[in-house]
Amino acid sequence: MNEHRVINFMLRSFVVLVFLFILTPIIGSFVFSFNVDRFPSLPLGGFSLRWYEAIAADPQVWQAFNNSLVVGVVVSLVSTLLGFTAAYTDFRYHFFGKSVYMALALLPPTIPVVILGLAMLAFLSRIGLSGELYAVMICHIVMCSPFAMAVIRMRLAQMAPQLEAAAWNLSASQWQAMRYVILPFTAPSIFAALFVTMAVSFDEFAVAWFVSGLNETVPVRILNTLQGQVSPTINAIGTIVFITTITLTIVAQVLLMRRQKKPADGKKS
């Protein structure tokens, strides 16, 4: 019994240490974003919002946030649509080459981002889209669709396949079964996929750096700022990006944890 408690304590301590290792730089960036001094130092020179005021007055930062917002919204909508269709195809149909179809659908996240970015740059340059905001959207849709597919497919796996067949037997068309059976059941995962894909797009840097040109997203703007100088505004921008991404992720997780309420088993006599 004591040995079991020791093992549990060691495992929990390890998890805590891992989280501390990951979160310490983020917490440090958050704290120093309110530091009045230009260079991070302890103790803090004083509390100040000057670095947030600096990025609020920087039109390039505003443009970067606008680009990230536009890209994130478009990517989340298109990726979720593609992910839903791919997940439903996997759930409903059986056909020759389905394993290849699934492998290709889930392939983009397994490709190193540098290789994917170079390949996207070469392809988009040939069709004249490199350096445009559309290029970032296309690349992020390719990267995010598998995430949406995985989230929605997990929800569909909880659904009895007979439900849709029962709707067909009750004279519902395929579109009616989709509207009144599939979509209501998968609604939490669809909304979760929207937030997950937006978070991934908002936070993605490497591929956007290759194909965005002058249309900087927020992560690209951070890198360009670092190349020019060591500016404390990086901490402020990073804090905003982190809060935005973690909020989208938490909302997605809450939606995924939702369960439809089961109807009461008892009947009135």
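Residues numbered from 1 in each chain as written. Predicted model: local features only at pLDDT ≥ 70, side-chain atom pairs only at ≥ 80, totals over all residues. Heavy atoms only, no water.

With that settled, consider the UniProt feature "transmembrane region" (unreviewed entry) in the protein chain. Mapped onto this numbering, the UniProt entry gives "transmembrane region" (unreviewed entry) at residues 12-34, 69-88, 100-127, 133-152, 180-202 and 234-257. End C-alpha to end C-alpha, residues 12-34 measures 32 Å, and it is 91% helix and 0% strand. The straight-line gap between the two end C-alpha atoms of residues 100-127 is 28 Å; of that span, 71% is helix and 0% is strand. (UniProt positions renumbered as here; feature names shortened; annotations may be inferred. Helix = DSSP H or I, 4+ residues; strand = E, 2+ residues; numbered from the N terminus.)

A few words now on the side chain of Glu204. Within the secondary structure layout, Glu204 lies in the loop between α8 (174-203) and α9 (206-211). It turns out Glu204 is buried and unbridged, and the closest side chain with the opposite charge, Arg221, is 16 Å from it. Polar side-chain contacts of Glu204 include one of 2.7 Å to the backbone nitrogen of Val207. When near neighbours in sequence (up to four residues on either side) are disregarded, Glu204 contacts His140, Met143, Thr217 and Pro219. (Buried < 20%, exposed > 50% of the residue type's maximum accessible area, 1.4 Å probe, protein only. Lys, Arg positive; Asp, Glu negative; His and termini not counted. Salt bridge = Lys/Arg side-chain N within 4 Å of Asp/Glu carboxyl O. Polar contact = N/O pair within 3.5 Å; in protein donor to acceptor, adjacent residues only side chain to side chain. Contact = heavy atoms within 4.5 Å.)

We now examine the nonpolar core. Ranked by internal contacts, the top residues of the largest apolar core, which has 24 residues, are Phe84, Ile152, Leu156, Met159 and Ile182. Those elements that provide at least two residues to this core are α3 (59-92), α6 (133-156), α8 and α11 (233-256). Sorting elements by how many residues they give to this core places α8 first, with nine residues. Ignoring anything within four residues of it in the chain, the contact list for Met159 reads Phe91, Glu164, Val181, Ile182 and Phe185. Core analysis: the next-biggest nonpolar cluster, separate from the first, contains 18 residues, Ala135, Cys144, Val207 and Val211 among them. (Core = buried A, V, L, I, M, F, W, Y, C linked by side-chain atoms within 4.5 Å.)

Among the secondary structure elements, Ser130 is positioned in the loop between α5 (113-126) and α6. Taking C-alpha positions, Ser130 is 8.7 Å from Phe210, a pair spaced 80 residues apart along the chain. Once residues lying within four places of it in the same chain are set aside, the contact partners of Ser130 are Leu121, Leu124, Ser125, Ala135 and Val211.

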